[in-house]
Amino acid sequence: MHIDLTKIQAPQSSFWSCEKDIETILKRLFVDNTGDTNGESFSKTLKRLLIVNTKDCLTNLNEPKYKAKLADMNLSKLLQEGYVKIVPKIRVPEFEDVKAYLIISFDNFVPTTNPKFRDCTVHFDIICHTDYWQMDNYQIRPLKIAGLIDGLLNNSKLSGIGTFQFVGCNELVLDETFSGYCLTYLATHGSDDLIEPEE
């Protein structure tokens with residue numbers, strides 16, 4: 001059998017859009033937002049909650065030790081050092097500082113009328129050491145993180161995702177040391193997300 005290789009189409013998969021979706025979500029959370037909480041951008045407050053595991057991390061903004069930890073912490077470094085993860089794995093090396101983790105994952109893909117995308121759920125697992133949950137002013141670290149994520153992403157229109165809608169939030173207990181919450185969103189792709197074929 002002879003196959004004309006010039007007529008074979010390049011493979012197309014709606015799963016490939018996840019890469020762009022992850023990039024868009026991470027930029028919205030850690031780079032592009034301009035909101036303000038206590039004189040800081042939302043992204044800086046979110047970084048502070050992940051990196052500075054003290055009760056006064058949000059009430060003592062001028063602490064030199066905290067400023068030093070946050071000074072050069074960009075999105076790339078958050079990923080590299082494991083504060084933000086796009087794979088479902090937590091590794092806690094001996095003698096490493098305690099961290100709070102944000103794990104982003106995609107699940108429950110279903111077909112849509114748009115062949116370039118599939119509707120899916122996006123999960124944000126917020127996992128914190130239980131000794132560092134409680135903060136000043138009765139604030140709970142994982143719920144504060146959840147509130148920032150929800151405020152930045154719920155009902156938003158993200159590139160390639162369409163509408164991003166809150167579905168629920170459940171407690172997530174790994175063991176007596178690590179627990180948190182799982183935020184779930186529905187990413188709905190509409191016909192306005194359709195990518196026209198290149199000529």
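What counts and what doesn't
- Within every chain, residues take consecutive numbers counted from 1 along the sequence as written.
- Per-residue local features of the predicted model are confined to residues with pLDDT of at least 70, and side-chain atom pairs are confined, for both listing and counting, to 80 or more; whole-chain, interface and lining totals are unaffected and use all residues.
- Side-chain numbers come from the whole structure's heavy atoms, not from hydrogens or water.
- Strands are runs of DSSP state E lasting at least 2 residues, helices are runs of H or I lasting at least 4, and numbering of each runs from the N terminus.
- Working definition: with a 1.4 Å probe on protein chains only, accessible area under 20% of the residue-type maximum means buried, over 50% means exposed, and in between means partly exposed.
- Contacts between residues were defined by any pair of non-hydrogen atoms, one from each residue, lying within 4.5 Å.
- Calculation of accessible area relied on Shrake-Rupley with a 1.4 Å probe; when residues are assessed, cover is drawn exclusively from the protein chains displayed.
- Lines fitted to the C-alpha atoms define the axes, with helices restricted to the stretch that makes contact. Angles between their N-to-C directions range from 0 to 180 degrees.
- Orientation categories follow fixed angle ranges, with anything under 35 degrees roughly parallel, anything over 145 roughly antiparallel, 65 to 115 roughly perpendicular, and all other angles oblique.
- Charged residues are taken to be Asp, Glu, Lys and Arg, nonpolar residues to be Ala, Val, Leu, Ile, Met, Phe, Trp, Tyr, Cys and Pro, and polar residues to be all remaining types, Gly included.
- To count toward a patch, a residue needs a relative accessible area over 30% and no salt bridge; like charges are then connected within 9 Å, while nonpolar side chains (Val, Leu, Ile, Met, Phe, Trp, Tyr) are connected within 5 Å.
- Within this document, salt bridges are pairs made up of a side-chain nitrogen of Lys or Arg and a carboxyl oxygen of Asp or Glu, the two lying within 4 Å of each other.
- The rule is short: rings of Phe, Tyr and Trp, with Trp giving its six-membered ring, pair when the centres are within 6.5 Å, and they are stacked under 30 degrees, edge-to-face over 60, tilted in between.
- By definition here, charges over rings are those cases where NZ of Lys or CZ of Arg is within 6 Å of the ring centre and within 35 degrees of the ring normal.
- To qualify as a nonpolar core, a set must consist of buried Ala, Val, Leu, Ile, Met, Phe, Trp, Tyr and Cys residues joined through side-chain atoms within 4.5 Å.

Novice: Summarise the overall build of the protein; cite the residues concerned and give the values.
Specialist: The helix and strand tally for the protein stands at 5 helices and 6 strands. Order of helices (α) and strands (β) in the protein, N terminus to C terminus: α-α-α-α-β-β-β-α-β-β-β. Evaluated residue by residue, the protein yields a buried proportion of 42% over its 199 residues. When contacts within the protein are restricted to residue pairs at least 6 apart in sequence, long-range pairs at least 24 apart make up 57% of them. Split by element, the accessible area of the protein, about 11600 Å² in all, is 52% carbon and sulfur.

Novice: Can you break down the packing of helix H2 (residues 42-51) against helix H3 (residues 64-71) residue by residue, with the values?
Specialist: It is the contact of H2 with H3, at a shortest axis distance of 10 Å, that shows an interaxial angle of 105 degrees. One way to sum up the angle between H2 and H3 is to call them roughly perpendicular. Taking contact as the criterion, the partners of Lys47, Arg48 and Ile51 in H2 are, on H3, Tyr66, Lys69 and Leu70. Partitioned by chemical class, the residues of the contact of H2 with H3 number 3 nonpolar, no polar and 3 charged.

Novice: Talk me through a nonpolar patch on the surface; I want residue IDs and the actual numbers.
Specialist: A contiguous nonpolar surface patch, about 240 Å² in accessible area, is contributed by Leu79, Ile86 and Val87. Relative to the elements of secondary structure, Ile86 occurs in the loop between strand S1 (84-85) and strand S2 (101-111).

Novice: Tell me about the pattern of salt bridges, and name the residues and values.
Specialist: One pass over the full model with this rule turns up 4 salt bridges. The partner of Glu23 in a salt bridge is Lys20, and the shortest N-O contact between them spans 3.9 Å. Highlighted residues: Glu23 and Lys20, both in helix H1 (residues 17-30), separated by 3 residues, approximately one helical turn. By relative accessible area, Lys20 is classed as partly exposed at 42%. The closest approach of N and O atoms between Lys77 and Asp72, which form a salt bridge, is 2.8 Å.

Novice: Provide a residue-level description of the packing of aromatic side chains, including the pertinent values.
Specialist: Under the definition given, this model contains 6 aromatic pairs. Seen from their ring centres, Phe124 and Tyr185 are 5.7 Å apart, and the 90 degrees between their planes marks the pair as edge-to-face. Taken together, the residues span a long stretch of sequence, with Phe124 in strand S3 (residues 118-129) and Tyr185 in strand S6 (residues 178-188) at a distance of 61 residues. In this structure Tyr185 comes out as buried when scored by relative accessible area, which is 0%. Ring pairs connect the aromatic residues Phe124, Phe164, Phe166 and Tyr185, which therefore count as one cluster. A cation sits over an aromatic face here: Lys99 above Tyr83, 5.0 Å from the ring centre.

Novice: Can you lay out H2 for me, pointing to particular residues and giving the numbers?
Specialist: Along H2, 8 of the 10 residues are buried, which leaves the element largely enclosed by surrounding structure. Those residues of H2 not exposed but buried are Ser43, Thr45, Leu46, Lys47, Arg48, Leu49, Leu50 and Ile51. In this fold, the buried residues of H2 make contact with H1, H3, helix H4 (75-80), S1, S2 and helix H5 (141-153).

Novice: Residue-level account of the nonpolar core, with values.
Specialist: Membership of the largest hydrophobic core comes to 42 residues, with the highest contact counts inside it found for Leu29, Phe30, Phe124 and Ile149. For this core, the secondary structure elements donating two or more residues are H1, H2, H3, H4, S2, S3, H5 and S6.

Novice: Pulling in residues and values, what's your account of the environment of Met73?
Specialist: When you line up the elements, Met73 lands in the loop between H3 and H4. Owing to a relative accessible area of 6%, Met73 belongs among the buried residues under this scheme. With 29 residues separating them along the chain, Met73 and Lys44 place their C-alpha atoms 9.3 Å apart. Setting aside residues up to four positions removed in sequence, Met73 forms contacts with Lys47, Ile51, Leu78, Glu81 and Tyr83.

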